[in-house]
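Survey of secondary and tertiary structure
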Amino acid sequence: MLLEARNISKTFPGRQRATPVHAVKDVSLHARPGEFVAIVGESGSGKSTVARMLLDLIPVTSGTVELDGIRIASMNRRERWAYRRSVQAVLQDPAGSLNPRKRVQQALGEVIRFHGLASRPSDVRALAVEALHQVGLSPAEPLLDRFPHELSGGQRQRVLIARALVLNPSIIVADEAVSALDASVKAGVLRVMADLKDSLGVGYVFITHDLAIVEKVADRVYVMRAGEVVEEGTTEAVFANPAHEYTRTLLAATPVLPPLK
Ligand SMILES: Nc1ncnc2c1ncn2[C@@H]1O[C@H](COP(=O)(O)OP(=O)(O)OP(=O)(O)O)[C@@H](O)[C@H]1O
Ligand SMILES: [Mg+2]
């Protein structure tokens, strides 16, 4: 399976007579299951806009997003449905990804039922428990009846990952998924995500402004600046020998993280 963005651009029309914003310009990237791909870049460089186009949340202005060579824009309803299942989002929790009025059981259960994975309450519950186990929330049962505000930040973020995982996605597009967490909690959630890559073969398009994270877990990295990809390559190559002045500046400004685990 291959998720591919080919020369995608996004222009937001300016309000009234303001000039349009060229948020993303001619970006090409690809990701596969079992691969951890990172997109880094300063604030406003277009990372989230790329994510939203990959997730089929906003249309591209030009270019194409393709899954195994089939363009999203040309997919029929069934294919699009399948696309939205295999490419899942994990966003930052403070962005309100979890409904404060819904218990964990309900947050996971509605996704499971919506996509027809199970309908009997006991089956729905079993799938929810399994997903919670996969993200390291054990024992899971006591968590099912909790509301988001009754969970820690790290637990909430794991629930969000579990909610994506119940659909058995091939690729998870994670936008600043650990950015709001404390360093030690961040490392734990990151470890869970990296482990899922190995155990389930999930692939990631992981968006962050934190290069220390990229160095720890990413296989490949794209560096964005002002809407464009200015550098790409294996993490090793980019970190060892950044080709672009901007990447060198980014790297020089990055604090070193203690090792994971
Ligand atoms: N809906 C929108 N309408 C108009 N402009 C937008 C819209 N969404 C994003 N932009 C603009 O597009 C540019 C890229 O924004 P984007 O959110 O993709 O950046 P980012 O790299 O994710 O930044 P951050 O690291 O701060 O999250 C910015 O100039 C932003 O103001
Ligand atoms: Mg963003």
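Because the structure is predicted, anything quoted here is derived from the model rather than measured.

Now for the pairing of strand β10 (residues 228-234). Sheet topology note: the strand β9 (residues 220-225)/β10 ladder contains six bridges and is antiparallel. Directly across from Val223, in β10, lies its bridge partner Glu231. Hairpin connection of β9 to β10: two residues between the antiparallel strands, including Ala226 at a positive phi of 50°.

Under the definition given, this model contains three aromatic pairs. Considering the side-chain rings of Phe36 and Tyr204, the 4.9 Å spacing of their centres and the 35° angle between planes classify their relative orientation as tilted. Of the two residues, Phe36 sits in strand β3 (residues 36-41) while Tyr204 sits in strand β8 (residues 203-208), which places them 168 residues apart along the sequence. The burial state of Phe36 is the same as that of Tyr204; both residues are buried. Grouped by ring-pair contacts, the aromatic residues Phe36, Tyr204 and Phe206 constitute a single cluster.

Quick look at helix α7 (residues 183-200) now. With 18 residues, α7 extends 25 Å between its outermost C-alpha atoms, agreeing within 8% with the 26 Å of an ideal straight helix rising 1.5 Å per residue. For α7, every residue scored as buried is listed here: Lys186, Val189, Leu190, Val192, Met193, Ala194, Leu196 and Lys197. Positive phi appears at Gly201, one or two residues downstream of α7, with a value of about 75°.

Okay, the site of ligand 1 next. As a matter of local geometry, ligand 1 sits amid 13 residues, with Ser43, Gly44, Lys47, Ser48 and Thr49 nearest to it. A distance of 3.0 Å separates an oxygen atom of ligand 1 from a polar backbone atom of Gly46. The contact in question runs from an oxygen atom of ligand 1 to an N or O atom on the side chain of Lys47, over 2.8 Å. Out of a free accessible area of 640 Å², ligand 1 has 61% covered by protein chains. Where the shell around ligand 1 is concerned, the elements lending two or more residues are β2 (21-31) and α1 (47-54). In terms of residues, the shell around ligand 1 owes the most to one element, α1, which gives four residues. Split into classes, the residues belonging to the shell around ligand 1 amount to three nonpolar, six polar and four charged.

Right, let's get into the sheet that holds β3. Pairing within the open sheet is mixed, and its six strands lie in the order β6-β7-β8-β3-β9-β10. Two strands close off the open sheet at either side, each with one partner strand: β6 (87-91) and β10. Each neighbouring strand pair of the sheet contributes to a mean axis angle of 15°, computed without reference to strand direction. Sheet topology places β6 next to strand β7 (residues 171-175); five bridges connect them, and they run parallel. Each residue of the ladder has a partner; that of Leu91, found in β7, is Asp175. With respect to the sheet, helix α6 (residues 153-165) is in contact with β6 and β7, its orientation differing from that of β6 by roughly 170°.

About the cut-offs
- Residues numbered from 1 in each chain as written.
- Chains lettered and ligands numbered in written order.
- Predicted model: local features only at pLDDT ≥ 70, side-chain atom pairs only at ≥ 80, totals over all residues.
- Heavy atoms only, no water.
- Pairing = 2+ DSSP bridges.
- Helix = DSSP H or I, 4+ residues; strand = E, 2+ residues; numbered from the N terminus.
- Phe/Tyr/Trp six-rings, centres within 6.5 Å; stacked < 30°, edge-to-face > 60°.
- Buried < 20%, exposed > 50% of the residue type's maximum accessible area, 1.4 Å probe, protein only.
- Expected span 1.5 Å × (residues − 1).
- Near = heavy atom within 4 Å.
- Polar contact = N/O pair within 3.5 Å; in protein donor to acceptor, adjacent residues only side chain to side chain.
- Areas by Shrake-Rupley, 256 points an atom, 1.4 Å probe, with all protein chains shown as cover.
- Nonpolar A, V, L, I, M, F, W, Y, C, P; charged D, E, K, R; others polar.
- Axes fitted to C-alpha atoms, helices over the stretch in contact; angles between N-to-C directions.
- Contact = heavy atoms within 4.5 Å.

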